[in-house]
Amino acid sequence: MGSFTGSSKQLPDQPVRTVDPEVERLAHVVVDGLIARLALEPAVPASSLLDNLAGQLEQAAALRRLGVVRRTPSQQQRSSSPTPDPTLTRGPAHR
């Protein structure tokens, strides 16, 4: 490791960071309100979430076996746009 040479300087006193008491009070109000809201919501057990996911996967597998494919928004836009008439879109070589 390198060594530090030269005179050792003391850092100037740094101001102590303070938080505006009103900001701190509002932060506590917001957090306490969120905790209260979360406490009122019914808890969903993890097993029920897994059951839900299993059902969705089974449904997706069944749809796939039937050949059903979900379209993405970009695929829907392409299929809804009219197909140009090939006789109108010929290049200069075909004129």
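Computed from a predicted model, the values in this text were never measured in an experiment.

Novice: Whenever I open this one, the overall build of the protein chain confuses me. Can you help?
Specialist: What the protein chain contains, in helices and strands, is three helices and zero strands. For the protein chain, the N- to C-terminal ordering of α and β elements is α-α-α. In the protein chain, which comprises 95 residues, the proportion classed as buried is 0%. Total accessible area on the protein chain is roughly 9900 Å²; 59% of this is exposed by carbon and sulfur atoms.

Novice: Can you help me understand the pattern of salt bridges in this one?
Specialist: Working definition: two side chains of opposite charge can pair if their charged atoms are close together. On inspection of all chains with the given rule, the structure shows one salt bridge. We note a salt bridge from Glu 22 to Arg 25, for which the minimum N-O separation is 2.8 Å. Taken together, the residues span about one helical turn, with Glu 22 and Arg 25 both in helix H1 (residues 21–40) at a distance of three residues. Look at Arg 25 and you get partly exposed, because its relative accessible area is 44%.

Novice: Please clarify how the confidence of the model for the protein chain should be interpreted in this entry.
Specialist: Note: predicted coordinates in regions of low pLDDT should not be interpreted at a detailed level. Residues of the protein chain with pLDDT of at least 70 account for 69%, and the chain-wide mean is 75. Taking the mean pLDDT of every element in the protein chain, the minimum, 63, falls on helix H3 (residues 73–80) and the maximum, 89, on H1.

Novice: Explanation requested: helix H2 (residues 46–65) in the structure shown.
Specialist: Since the α-helix advances by 3.6 residues per turn, residues separated by three or four positions end up pointing in the same direction. With 20 residues, H2 ought to run about 28 Å at 1.5 Å a step, and its terminal C-alpha atoms sit 29 Å apart, in line with that. Positioned one or two residues after H2, Gly 67 has a phi angle of 85 degrees, which is positive.

Novice: Can you help me understand the environment of Ala 60 in this one?
Specialist: As for its position among the elements, Ala 60 is in helix H2. Exposure remark for Ala 60: the relative accessible area of 43% places this residue in the partly exposed category. Separated by 10 residues in the primary sequence, Ala 60 and Arg 70 have C-alpha atoms spaced 9.9 Å apart.

Parameters at a glance
- Residues numbered from 1 in each chain as written.
- Predicted model: local features only at pLDDT ≥ 70, side-chain atom pairs only at ≥ 80, totals over all residues.
- Heavy atoms only, no water.
- Helix = DSSP H or I, 4+ residues; strand = E, 2+ residues; numbered from the N terminus.
- Buried < 20%, exposed > 50% of the residue type's maximum accessible area, 1.4 Å probe, protein only.
- Areas by Shrake-Rupley, 256 points an atom, 1.4 Å probe, with all protein chains shown as cover.
- Salt bridge = Lys/Arg side-chain N within 4 Å of Asp/Glu carboxyl O.
- pLDDT = per-residue confidence, 0-100.
- Expected span 1.5 Å × (residues − 1).

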